[in-house]
Structures are given as structure tokens and as C-alpha cells.
Amino acid sequence: MQNLKTAIVGAGIVGLYLAWKLSEAGLGKVTVFEKKEKIGKITCSGLFSERILEFIPESKNLIENKINSVLIHFPRRNIRVDFSRKFFIISHFQLDNLVASLAESAGAEIILNHPINRLPEGFDKIIGCDGPNSTIRKSLKLPELDYRLGILGFIEKKDFSEYVEVWPIRKGFTPHPFGEKGAGFIWKIPRGKRTEYGAIGSKETVKEVFEEFLNKNNLQLEKVSSAIIPQSFFIPQNPSVTLCGDAAGLTKPWSGGGVIWGLIAADFLLKNFPDFLKYRNITKKFFLPKIIFSKVVIKVIYFLGFYFPWFLPKNLKMESDFLL
């Protein structure tokens, strides 16, 4: 296995983590191809559960603030959800660069400014970690993912509160209470030295809804950016080429967050490497029930929250990364 050559397309957090751990374990030569000139995701809230320390212990030095709960503002009722495991606010940009340094120290080669337009040649294994618009996915002629759009920006106001605020919204997000486009919401995240506002929802209307919210609350954001957020989880049945993270559409149905889920899937891949088919089967068995259950729960909560809010308790408790 030491002679195995593995190409990882995409130097996001999942691709870099795989490069780090494969190289550290001595599982052949690992090469990471990244189309951008530098490493580091910018459009991301950087809200990670404390599980991040289990995967990347060194990330403890990057924590900007700690979150214990979320306050959900439905039109006629507020609900407080306490997390059984804390969330940490961490700069995704800094986290990516931390893992890149760990991967290179372990022996992985990272090649920047190198777009990949087809399956790389000369490799025994290829792992697509190249995000929602994955070139590897397209090269395998796999079906397109469904997407939501995320937008975020900042105000230079210090806020070390230990809770996030969320405003669920219907307009443009779901055609009816049990719509198929997924939950849409606006958020406020206290990042310590500054405050973040953002929105996620249908790519056709989320910008309009977010702007209405900002105008209503007299908020002027700086450094506004956006990114598409994949849904519809899928891993190919291919012994030599596979997908992980956002390229596989592996994100939480309720929040769109994908880092911890992507790292869990990456660990499944590492434990079963180089058997991509076994990785596929184990990952599907683990995530599919959780995705299906989560989508049902979200639709029920949104329906009750907007139409029968008195049926919802004022206080709930949930695990940070899973509803089931």
C-alpha cells in the first residue's frame, strides 16, 4: 500500500483532513489539487460543534467564542434550544490553513492554482472533495445536486453572547408548509470581536428576503459574500473514484453545515481505505436514516411554528450535530 498513489481534488477542510491522515498513516503518496491560489474558505459561519476537537485537537487555539444554545424566533413564539455539546466559533479560513500545514508536515503534496477539468491520470485512487460544483462528480456523469444559497456579512460590533439567534422564514423558501426546498432562515452569530448576520434558502429569493430583514432592522453589513450549499447526499459506486464532504452533498438538512458530517464520512473512508465500496456502504447506512428523519422533523417544526406555535415547547434540548 506504500506505493499507492492517491489524488485528492479540492483543498477544503475535508480534502486536507484526508490528505493529513492518509499521509500520517503511511498509506501511499497523496497529492492534493486546488484550483484557487491560496487555501482557506471565506464564506462560512465557522460554527462547529465541540466534536471538531476530536478530529483536529489543534483547533482549540482558534476558538473565538463558545455557543450553548439557539433562540428561534417564530412570529408568535420564541423557542430556546440548548445544546448538549457546545458549538465553537472558529475562522474557517484559519482552520483550513491549520490542517493544510498538518497535511504537508505529514508528507502530503498540495498543489495550488491547479484547476482539474477531468479525472487526474496516473493515480490509483481519486477522491473528489471539490465542493458542490465538483468536477469529479461531473466527470463521473453523476446527477446534479440540489442547492440552497447562503449569504453572510458582518457588523463591527463586539458580542460574546453564548447563544445564536435564528428567524425561520417561509417566503421564497417553501411553496407550502411541507415544501421540498428545505428550511430557510436568517441567523445572527456572536463571533466575539464582531457580529455575523446571514441567511440560507432558495437561491432564487434568499437575497430579497435577507435584504428585507436587514432594512427592517436598520443593519448595514460589511464584507458580504455568498456560496451555494449542496443537498441530496450521493456517493458513487466506483472502486477507484469516490466523493466526500460537500462534493457528496453531505450537509445537515436543518442548518446546511457540513464540516463535522464531512469529517465523520472522511473517517469512514480512512478506516476502510482503499476499499471505496465499503466506505460508500457504511456512510450511506450511517447518514441516510439521519437525513430522512431530520427532513421530516424540520418540516413538522416549521409547520407548527408558523401555524400552531402553542404546540411547541418553549425550551428544548438537542445534540449539536444530530437530531437522531
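First things first, this report covers the structure right here in the doc. As the structure is a computational prediction, the values presented were derived from the model and not from experiment.

1. Quick word on the side chain of T283
Relative to the helices and strands, T283 is located in helix 7 (residues 276–307). Here the side chain of T283 touches Y279 through a polar contact of 2.7 Å, landing on its backbone oxygen. Setting aside its immediate chain neighbours within four residues, T283 contacts F233, I235, A265 and F268.

2. Some details on the environment of F88
Here F88 lies in strand 5 (residues 77–90). The spacing of F88 and F213 is 125 residues in sequence and 26 Å in space, taken between C-alpha atoms. Aside from chain neighbours lying at most four places away, what touches F88 is G46, L47, F48, S49, E50, I52, L53, I63, N65 and K66.

3. Topic: the environment of T195
Tracing the chain through its elements places T195 in strand 11 (residues 195–201). Considering only alpha carbons, one finds T195 and D159, 36 residues apart in sequence, at a separation of 6.2 Å. For T195, the residues in contact, after removing those within four places along its chain, are G153, F154, I155, K157, D159, K188 and I189. There is a polar contact of 2.8 Å between the side chain of T195 and the backbone oxygen of K157.

4. Regarding the pattern of salt bridges
Within the structure shown, the criterion is met by 14 salt bridges. A salt bridge links K188 to E165, with the nearest nitrogen and oxygen atoms 3.7 Å apart. Placement of K188 in strand 10 (residues 184–190) and of E165 in strand 9 (residues 163–169) is noted, with a sequence separation of 23 residues between them. On the accessibility criterion, E165 (14% relative accessible area) is buried. With a shortest N-O distance of 3.7 Å, K203 and E204 are connected by a salt bridge. The class of K203 is partly exposed, set by a relative accessible area of 46%.

5. What to know about the sheet that holds strand 7 (residues 125–128)
One open sheet holds the 5 strands; their spatial order is 6-2-1-7-13, and the pairing between them is parallel. Bordering the open sheet on either side are strand 6 (109–111) and strand 13 (241–243), each of which pairs with just one other strand. Across the sheet, the axes of successive neighbouring strands diverge by a mean angle of 20°, strand direction being ignored. By the bridge criterion, 5 bridges tie strand 1 (residues 5–9) to strand 2 (residues 29–33) in an arrangement that is parallel. The residue bridging K5 from the neighbouring strand is K29, located in strand 2.

Each value, and the rule that gives it
Residues numbered from 1 in each chain as written. Predicted model: local features only at pLDDT ≥ 70, side-chain atom pairs only at ≥ 80, totals over all residues. Heavy atoms only, no water. Helix = DSSP H or I, 4+ residues; strand = E, 2+ residues; numbered from the N terminus. Polar contact = N/O pair within 3.5 Å; in protein donor to acceptor, adjacent residues only side chain to side chain. Contact = heavy atoms within 4.5 Å. Salt bridge = Lys/Arg side-chain N within 4 Å of Asp/Glu carboxyl O. Buried < 20%, exposed > 50% of the residue type's maximum accessible area, 1.4 Å probe, protein only. Pairing = 2+ DSSP bridges. Axes fitted to C-alpha atoms, helices over the stretch in contact; angles between N-to-C directions.

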